[in-house]
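Now for the letters of each chain:
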Amino acid sequence: MIHFIDNIENYIYLIPLLPLIGFVINGLIGKNLPRGIVYFIGCISIFASFVLSALALWKVIDTGNALEIAYGSWFHSGGLNVSIGLKVDQLSAVMINIVSGVGFLIHFYSIGYMKGDEGIYKFFAYLNLFCFAMLVLVMGDNLLLLFLGWEGVGLCSYLLIGFWYKNKDYADAGKKAFIVNRIGDFGFLIGIFLIFQYFGTLNIAGIQEFLVKHPGEVKLLIEGGVITIITLLLFVGATGKSAQIPLYVWLPDAMAGPTPVSALIHAATMVTAGVYMIGRLHFLFSLSEVTMLIILIVGAVTALYSGTIAITQKDIKKVLAYSTISQLGYMFMAMSVGAFSVGIFHLMTHAFFKALLFLSAGSVIIACHHEQDMTKMGGLSKRLPVTHIAMFIGMLALSGTVPYISGFLSKDLILEKVFLFEGGLGVLSGLPVGKIFWGVGLITALFTAFYSFRLMGMTFWAKTRMKDEDYHHVKEPSKAMSTVLILLAVLSIVGGWVGIPEILGGNNPFHSFLSKVFDPTSAHGEVHHGNTPYILMGVSTSLGIILAIIAAFMYGKNWSFPERFTQKGIGKLLHRLSYNKYYIDELYEVLFVKTIMKGSRLLWKWVDAFIIDGLVNGTGRLAQLIAKLGQNVQTGNVNTYALSIVLGVMALLTWFMIATYNN
Amino acid sequence: MFTLQNSIILGLILFSIGAYGVLTRRNLLVVLMSLEIMFNAVNLIVLAFNYFRFYQQGKELGHYFVLLVIAVAAAEAAVGLAILVTIYRNRRNVDSDELTEMKG
Amino acid sequence: MNITTLNGILPILILTGVGLLVLLVEAFIERDRERRFAFILSLAGIIATLVSLFSQLVHHDADLLLFGGALIVDHTGLAFSIIICLGALLVLILSHRHVTRIHRNAGEFYSLILFATLGMHALTISNDMMTFFVSLEVMSVAVYILAGVNRKSLKSNESALKYLILGAFSTAFLLLGIAFVYGATGQMGFMEIKEALLSEANAPFQSVGILGLILIMVGFIFKIGAFPFQQWVPDVYEGAPSIVTAFMATCVKTAAFAILLRGLFTFFQADESGFLMSALTVITVLTMIFGNFMALIQSNIKRLIAYSGIAHTGYILLAILAALSDPAKPDITPILFYLLVYTLMTVGAFAVLIGASRGGEEVETFEDIRGLGYKHKLLGLFMAFFFFSLAGIPSTAGFMGKFFIFKAAISKELYALAVIGILTAVVSVYYYLKIVVYLYLKEENRRYEKYSIQWNYLLASFLTFLLVLFLGIFPQFGFKLLK
Amino acid sequence: MTDPVVLTDVLFLLFSVTAIVFSLLVVVMKNPIHSSISLVLSFLPIAAIYVLFHAPFVAVIQILVYAGAIMVLFTFVIMMVDLSEKEYTLHKGKIYKLLSFLIMGGFLLMVPYMVTRFLPETISEPKESVVLSHFTSKKEAHEFGSTKNIGKLIFGKPVINDPVQANDNTLKSMQIVSFELASILIMVAIVGAMILARTRKKEER
């Protein structure tokens, strides 16, 4: 056993392999196995993988070196030599622990959530397959392996979103997710080809080595814009997978899938693949200022845009989905200002609290018999105490309003790094770019606080709008689910403590751990900037708290039920107070809610309906047009076919004649 | 008059006539006949080239080729007519306009 | 005739002999046993051919010219032939039991398959215009007949006649091209033609020669079904019996690509103006776009496969362009690999489609496969897998095939082509997924209530499944096989 | 004057015009029977032109195979198919016909234009001095048509004055393959015709 732990690097292949085995067993014979065994296989495979990941992480921390293992050549063709190798360095060690750890919790939660579904074995098989693909993505030491995992998670996402095929909408949502992802992958794939073209290798370490060894060539590549093109193409892939503008459209639709899937794929792991990829190739990305700036803009705009959408949604999962998009935008902002370790830190904390939020939402949904509309909930805090607390903690973390809670730490670090960013090209040169985008980030944070507590208010604190008998039937779902919620809630609080920055009295071990991967010189923020961080923190936190309270009051008390509140015959003072409150609400409605909400709804409608959908529909219409034209060629009549053959010949010959005429 | 150019032009005229037949005739029997005209036109061109350019060198490759083309044309005609007979048995006509069950 | 020659033409001899024997089976064996006997005989014949081809490939050290240069036994030709024979083998396995549903006499059907395979093999190793033309016709005529073999079906009749008329029409243009090339050079052998076109003495006739080459290329492009000459593909594929469609979509296409490649490699060097290259580029782009977009609106699965086959033709043309842009050291492995993979995937998909057909009623529309994935787990799994592979999802061989093609295109700096290729491949995901979605849509089709799958469909689909999966994970094996 | 050049010119012109006229009739005639007769009649002048090209064997085969075999086949099928009078008017719409006509006309203008432009000069008949005649001697010419010379007649071997001689053996062995393949092709066609066209009664039993 000791031997095993000491030589863990020889066994890291088991980390992805175990879930694959679980997939094969459950997929092939799961139907004939008793439920218990299906659960057991599904969970134990990922749990074992988690244990190994933890051991690997421990070893990496212990030795400070990456665990690498090469399994020899995979294939070679036309100068392309691809080897199979796995690598667990500081970055991937963190990632595999998130994937397998959160993955395990979600597996465990699914036992309760999916109870009674006849295709449960298939569900577990797909979950395992997903974990396998994600682990391959994270551990692969070359871009092709990374791409395989990249596509693999897309495929699993498709399979899992469309898990309940009965409904054609689900199938369509799955298809949409898959195809939008493919569009992103298309950019990614071309980027990979170009990397091979210019660096002659697909091995990540090899690329890094090339950059170090051939500074002259690299300089030419940078000046020629090649690096910018490559990184932009890679970023297109990242926008697809991590749901950034313009390819974010699939993620809200993907909420059609079962909630654990949303938690695992669309919150905790898969969507972070783009962020991870940028971290993995940070040495390439940091060579192109243009790309970094574009990432910053895209990240910030996405964060703000989806934040404004989230405040108007009624569907509980949609709120969380848009908030995920928004948080991913934060991560991209962090990556783009060179604060890679901060981005990864937020990735990790986000994985904890977003998984928690989705799973809590899942138990709310289960408790309300698959009702997802928040306007039909309310008052659940009494019926679902555990879920309520868990979700409350998750929301505190998401909004980052309480110091020392994980989300607070990571989000604040991001805002600080963005504030300190001093870049800017072209139009933006000379402007205080960092401060502008800090402003955007701050506004987003305020939106975040608002919609977080709006959700809490509407779901848990407001008077219930459910029918009485329904309301009384609401009860906390199974023990397994509650356990997971509690575990994740604890993680959401303490998960960030590994990264407490110095200004808050910590020494940020997370950052120094990851700095082995991310060259310390590329990350900002080692210098103290006096009181600035404190001021920034104070501004964002206090504003956040204020908005959270506003939201909590607006939605937690008497939202849309003023009449009933007054008719109940409570004292005059209370009545007047409540009246006044109503008045304030009205004011807010007019000043704040109406304008901003209308504005954001309008924005959403316009951008979504006209630009995004228009683009999609336009492409569709173009396809229809081409096909219609094609149908005119395919008349089915043999004479006209012959005619078009002659036309083809004539076209070729005319072209040839013109081509030769000039000679 | 009796030159390579004119022979080729003759061949191409016949080829175009045959092709025109394939393009316009609805009667598939006549379409098959038009195809035969096209093959013949090609044979004519091959033999013309063979005679005017390579006869002095004693080449008769063109002759062999033309014989092959005739054999192939015969085989294709036989199969084509067989299919036509089948179609006639099923449909009672050999009209290309009726033969558009599959399209789009 | 020495032993080398004999060895070189052994596949042709085997196929001829077995083809004739199978024809005679009907005369000597009673009807009940006839089908099985003919099946075993032709299976043995194809396997013997495969073995003979493999042994030639293994012992191949130098290109072998036979019969005064009429045939050339070289690595490329053998690799193509192996792919073709593999396809034919799978088609044969599939047609057992199925064949009597579409045609009374199994022997005749098998013999036509064997003769068509013979024509294809002769095509891949032919080295002069006459041999190439006749073997092309042996293949085509046999396939015309096969397309119309289901005499009772109006669609089958129609597809056979359309195929024949348009095939003959394009052949006429091909022949005109050969006539011009012959007129310009006085040669029939490919190498001789190239030398003659490049020689100083023939300089005045070079343009006529290239005019001929363009017309010959028209014939080739017709056979592979690329854009301006693709009209026949969907109609013929839809109308022909599924088993024949599988044969056409894989073997015929592979053979046509073999001769296209041989012709192009010879002629591109002769064409100093570069016209053929630019024409082929345009054709490639249009083929990829046309095939994929037309497939989007199809409701018939066979027709969809036909259009997607056109799109795949475009991808292979892209690989050919990439190989041709470096004629000194052409890398044709991507082409071979893609064709191998395409053959396997397509035959696999057809194996499932044929396996799912009930009582002589073929699977045609999407509704026909609705819910198949639930009724027949394995069949549905295979089918989904094959369509994922056709769409180029990683860990399938289809992905690897596309990967190598696009890699080759980008490394030859054909950026625009590669981008169009990858974008259209994204489009293709849409319609392939549509099939998978229908496969697993809940409202089940009553067709599949009582259902038992016969061993031969299962065997064929399982074999292809394993191979596609294996090649997707270990593509190196495919390269070794073809090298 | 019996200048051979003039004679061949006249003959060529005559045969060409006949061939073109009868080919046109094939396409234009409404009744397929008339078409098929025109087809035979168009093959005859083409065969005659083959003789002018010093390819008598091919000419013979042309007549035997086309006029003798293929036409009989066509005629049989026409009889079998027995189309009603109404269906003989098988033409498409006017616009389509015009379009086809224009396209084929374009083809007809373009390709000859290209060919004549590409060809370096007008190439007329090979000179008599180079190729004496079809026969080596007057005696042989005298015996033209006798069974003794049937081989000569068939293969029409010219006398080669050109020092560059083609390697005959290579050529011969080259054609073995294609002719063997052609025999297989014929057999495939026979099998096909048998499969497709044999009566259906047996099957329906």
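Residues numbered from 1 in each chain as written. Chains lettered and ligands numbered in written order. Predicted model: local features only at pLDDT ≥ 70, side-chain atom pairs only at ≥ 80, totals over all residues. Heavy atoms only, no water.

**A few points about the overall build of chain D**
Within chain D, the regular secondary structure consists of 8 helices and 0 strands. Along chain D, helices (α) and strands (β) appear in the sequence α-α-α-α-α-α-α-α when read from the amino end. Relative to its full complement of 205 residues, chain D shows a buried share of 40%. Across chain D, the fraction of contacts at a sequence separation of at least 24, relative to all contacts at a separation of at least 6, is 53%. Accessible surface computed for chain D: about 11300 Å², of which carbon and sulfur atoms make up 70%. (Helix = DSSP H or I, 4+ residues; strand = E, 2+ residues; numbered from the N terminus. Buried < 20%, exposed > 50% of the residue type's maximum accessible area, 1.4 Å probe, protein only. Contact = heavy atoms within 4.5 Å. Areas by Shrake-Rupley, 256 points an atom, 1.4 Å probe, with all protein chains shown as cover.)

**Quick notes on the confidence of the model for chain A**
Residue and element names in this part refer to chain A. Considering every residue of chain A, the mean pLDDT works out to 80; 86% of them sit at 70 or more. Helix H13 (residues 273-280) holds the highest mean pLDDT among the elements of chain A, 91, whereas helix H26 (residues 562-567) holds the lowest, 41. In this model, residues 560-567 is a region of pLDDT below 50 whose contacts with residues beyond four sequence positions or in other chains number 6 contacts. (pLDDT = per-residue confidence, 0-100.)

**Some remarks on the packing of aromatic side chains**
Tallied over the full model, the rule gives 59 aromatic pairs over all chains. Note on Phe-2 of chain B and Phe-52 of chain B: the rings are 5.3 Å apart at their centroids and 65° apart in plane angle, and the pair reads as edge-to-face. Of the two residues, Phe-2 of chain B is situated in the segment before helix H1 (4-24) and Phe-52 of chain B in helix H2 (residues 28-54); the sequence distance between them amounts to 50 residues. You'll find Phe-2 of chain B and Phe-52 of chain B in the same group, each marked buried. Through pairs of rings, three or more aromatic residues link up here, namely Phe-147, Trp-150, Phe-188 and Phe-193 of chain A together with Phe-337, Phe-399, Phe-403 and Phe-404 of chain C. Positioned above the aromatic ring of Phe-205 of chain C is the side chain of Arg-53 of chain B, whose terminal nitrogen or guanidinium carbon lies 3.4 Å from the ring centre. (Phe/Tyr/Trp six-rings, centres within 6.5 Å; stacked < 30°, edge-to-face > 60°. Lys NZ or Arg CZ within 6 Å of the ring centre and 35° of its normal.)

**Comments concerning the interface of chain D and chain C**
With 32 residues of chain D at the interface, the matching set in chain C holds 39 residues. Summed over both sides, the interface of chain D with chain C buries roughly 3200 Å², with 79% coming from carbon and sulfur. There are 2 residue pairs in polar contact (both at pLDDT 80 or more) connecting chain D and chain C. Elements that contribute at least two residues to the side of chain D that touches chain C include exactly helix H4 (94-118), helix H7 (168-197) and helix H8 (201-204) of chain D. (Buried area = accessible area lost by both parts, 1.4 Å probe. Polar contact = N/O pair within 3.5 Å; in protein donor to acceptor, adjacent residues only side chain to side chain.)

**What about helix H10 (residues 226-241) of chain A?**
Residue and element names in this part refer to chain A. End to end, H10 covers 23 Å across 16 residues, agreeing with the expected 22 Å (1.5 Å per residue, within 8%). Most of H10 sits inside the fold, with 13 of its 16 residues counted as buried. Two residues or fewer past H10, Ala-243 is found with a positive phi of approximately 55°. (Expected span 1.5 Å × (residues − 1).)

**Let's talk about the interface of chain D and chain B**
In many reports, interface size means the accessible area that the parts give up when they come together. The interface is formed by 91 residues belonging to chain D together with 73 residues belonging to chain B. Summed over both sides, the interface between chain D and chain B buries roughly 7700 Å², with carbon and sulfur atoms accounting for 75% of that surface. For the pair chain D and chain B, the number of links is 0 salt bridges. At the junction of chain D with chain B, the criterion picks out 7 residue pairs in polar contact (both at pLDDT 80 or more). If you list the elements that add at least two residues to the side of chain D that touches chain B, you get helix H1 (4-28), helix H2 (32-52), helix H3 (56-81), H4 and H7 of chain D. A per-element tally of the side of chain D that touches chain B places H3 of chain D first, with 13 residues. (Salt bridge = Lys/Arg side-chain N within 4 Å of Asp/Glu carboxyl O.)

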